[in-house]
Amino acid sequence: DVKDVNNTNHPRRRSTISSIANNLVDPNAVSFMERPELRVLNQFRLVCGDIVNHPKVQLIIIVLIIVNAIMMGIATFDFVTENPAVDEAFEATDLAFLIVFTIELGMQGVFRGYTLFMDGWL
């Protein structure tokens, strides 16, 4: 029996929910991602995390972001918008950046799951 919060000598019952929860906890339970049927998925998740969070990959992404920002600024000039060939080259380059950034975000999503949305930097 648990003593009353007010230090009186009246015993009180334990919460039904906490007693049920204590009975449901299995000390030999395996975490969700360690279950045998999810081992391959977890390995894939960890490989994605190793790749996308590698310092060299992070540096490449930062450089691509800077180059993309510069190209977006240059793309507003008349010599780009008035020349169809140059405009088409800028559009193709923009599509390449979009693909790389989408792959990077997808890999972060695979690695981090829903916690990706809790990190303001990602």
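These remarks concern the structure in this document. From a predicted model like this one, the values you see are computed outputs, not experimental measurements.

### What to know about the overall build of the protein chain
Part 1: What the protein chain contains, in helices and strands, is five helices and zero strands.
Part 2: Beginning at the N terminus, the succession of helices and strands in the protein chain can be written as α-α-α-α-α.

### Observations regarding the packing of helix α3 (residues 55-74) against helix α5 (residues 84-112)
Part 1: Running from N to C, α3 and α5 cross one another at 145 degrees; their axes reach a closest spacing of 11 Å. Handedness of the α3/α5 crossing: left-handed. Here α3 contributes Gln58, Ile61, Leu64, Ile65, Val67, Asn68, Met71 and Ile74 to the contact with α5, which in turn contributes Phe90, Thr93, Asp94, Phe97, Val100, Phe101, Glu104 and Gln108.
Part 2: Broken down by class, the residue content of the contact of α3 with α5 amounts to ten nonpolar, four polar and two charged.

### Brief notes about the packing of aromatic side chains
Part 1: Across all of its chains, the model carries two aromatic pairs by this definition.
Part 2: Aromatic pair phenylalanine 77 and phenylalanine 79: ring centres 6.3 Å apart, planes at 20 degrees, arrangement stacked.
Part 3: The exposed category is assigned to phenylalanine 79, whose relative accessible area is 52%.
Part 4: Summarising the aromatic geometry, the rings of phenylalanine 97 and phenylalanine 101 are spaced 6.1 Å apart at their centres and angled 15 degrees between planes, so their arrangement reads as stacked. One end of the pair, phenylalanine 97, and the other, phenylalanine 101, are both in helix α5, four residues apart, so they sit about a helical turn from each other.

### Quick look at the packing of helix α2 (residues 39-52) against α5
When two helices pack together, their arrangement is given by the angle between the helix axes and by the axis-to-axis distance.
Part 1: Across the interface, α2 lies against α5 with an axial gap of 8 Å and an inter-helix angle of 135 degrees. Between α2 and α5, the crossing angle belongs to the class labelled oblique. Where α2 crosses over α5, the two elements pack in a sense that is left-handed. Across the interface between the two elements, Phe44, Arg45, Leu46, Cys48, Gly49, Ile51 and Val52 from α2 touch Glu104, Met107, Gln108, Val110 and Phe111 from α5.

### Digging into α3
Part 1: Between its first and last C-alpha, α3 extends 29 Å over 20 residues, near the 28 Å set by a 1.5 Å rise per residue.
Part 2: When α3 is considered as a whole, its buried residues turn out to be Ile61, Asn68 and Met71. With its buried residues spanning 90 degrees around the axis, α3 presents them on a single face. The outward face of α3, more than 90 degrees from its buried face, is lined by the exposed residues Pro55, Lys56 and Leu59.
Part 3: Where α3 is buried, its residues contact α5.

### So, the environment of aspartate 50
Part 1: Summarising the element assignment, aspartate 50 is placed in helix α2.
Part 2: Its relative accessible area of 57% is what places aspartate 50 among the exposed residues.
Part 3: The spacing of aspartate 50 and methionine 107 is 57 residues in sequence and 9.9 Å in space, taken between C-alpha atoms.

About the criteria used
- Residues numbered from 1 in each chain as written.
- Predicted model: local features only at pLDDT ≥ 70, side-chain atom pairs only at ≥ 80, totals over all residues.
- Heavy atoms only, no water.
- Helix = DSSP H or I, 4+ residues; strand = E, 2+ residues; numbered from the N terminus.
- Axes fitted to C-alpha atoms, helices over the stretch in contact; angles between N-to-C directions.
- Left-handed = near helix turned anticlockwise from the far one by under 90°.
- Contact = heavy atoms within 4.5 Å.
- Nonpolar A, V, L, I, M, F, W, Y, C, P; charged D, E, K, R; others polar.
- Phe/Tyr/Trp six-rings, centres within 6.5 Å; stacked < 30°, edge-to-face > 60°.
- Buried < 20%, exposed > 50% of the residue type's maximum accessible area, 1.4 Å probe, protein only.
- Parallel < 35°, antiparallel > 145°, perpendicular 65-115°, else oblique.
- Expected span 1.5 Å × (residues − 1).
- Arc of directions from axis to C-beta.

Interpretation note: all reported values are geometric properties and have no functional meaning in isolation.
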